[in-house]
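Letter by letter, the chains look like this.
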Amino acid sequence: PVGLMPDVIVDGRTGYLVPPKEVDPLASRLIDLLQDPDRAEQMGNAAREAVKEYDMSRAVERLSEIYREVSRLGS
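**Student:** It is not clear to me how the pattern of salt bridges should be interpreted in this structure. Could you clarify?
**Tutor:** Evaluation of the coordinates by the stated rule reveals 4 salt bridges. The partner of Arg-68 in a salt bridge is Glu-61, with the nearest N and O atoms 2.9 Å apart. With its nearest N and O atoms 3.5 Å apart, the salt bridge here joins Arg-62 to Glu-65. Of this pair, Arg-62 and Glu-65 both sit in helix H4 (residues 56-73), 3 residues apart, roughly one helical turn.

As structure tokens, this is what we get:
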């Protein structure tokens, strides 16, 4: 769950959010999807629909907020 990923992915519906640099949770989620191809297909379809509806201006605004926060930390 880094950057804009939580704004794009609904955990368990359009993908999975796993902690960065954590191999075991990622492997576990991949195994889950390999063992349940119907679930993987449903999740893929939901993700495609979400991308179609995704508002890029929202992403740009969120990224701008992050940059503003970081620049304040450096001041």
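Here the narrative resumes.
**Student:** Explain the layout of surface pockets here, please?
**Tutor:** Think of a ball as big as a water molecule: rolled over the atoms, this probe shows where empty space is left. By volume, the largest pocket amounts to about 160 Å³. Of all elements in the fold, only helix H1 (5-8) and helix H3 (37-53) reach the threshold of two or more residues within the lining of the largest pocket. Top element by residues in the lining of the largest pocket is H3. It accounts for 4 residues. Here the lining of the largest pocket is built from residues that sort into 5 nonpolar, 1 polar and 5 charged.

**Student:** Would you mind going over the packing of helix H2 (residues 23-35) against H3 with me for this structure?
**Tutor:** What describes two packed helices is the angle between their axes and the distance between those same axes. Two elements in contact, H2 and H3, have axes whose closest approach is 5 Å; the angle formed by their N-to-C orientations is 105°. Relative to H3, the element H2 lies roughly perpendicular. On H3, the residues that touch Leu-33, Leu-34 and Gln-35 of H2 are Pro-37, Arg-39, Ala-40 and Met-43. Of the residues assigned to the contact of H2 with H3, the class counts are 5 nonpolar, 1 polar and 1 charged.

What counts as what
Residues numbered from 1 in each chain as written. Predicted model: local features only at pLDDT ≥ 70, side-chain atom pairs only at ≥ 80, totals over all residues. Heavy atoms only, no water. Salt bridge = Lys/Arg side-chain N within 4 Å of Asp/Glu carboxyl O. Helix = DSSP H or I, 4+ residues; strand = E, 2+ residues; numbered from the N terminus. 1 Å grid on protein atoms, 1.4 Å probe; cavity = no way out; pocket = protein on both sides within 12 Å on 5 of 7 lines; lining within 4 Å. Points joined across faces, edges and corners; volume = space filled by probe spheres on them. Nonpolar A, V, L, I, M, F, W, Y, C, P; charged D, E, K, R; others polar. Axes fitted to C-alpha atoms, helices over the stretch in contact; angles between N-to-C directions. Parallel < 35°, antiparallel > 145°, perpendicular 65-115°, else oblique. Contact = heavy atoms within 4.5 Å.

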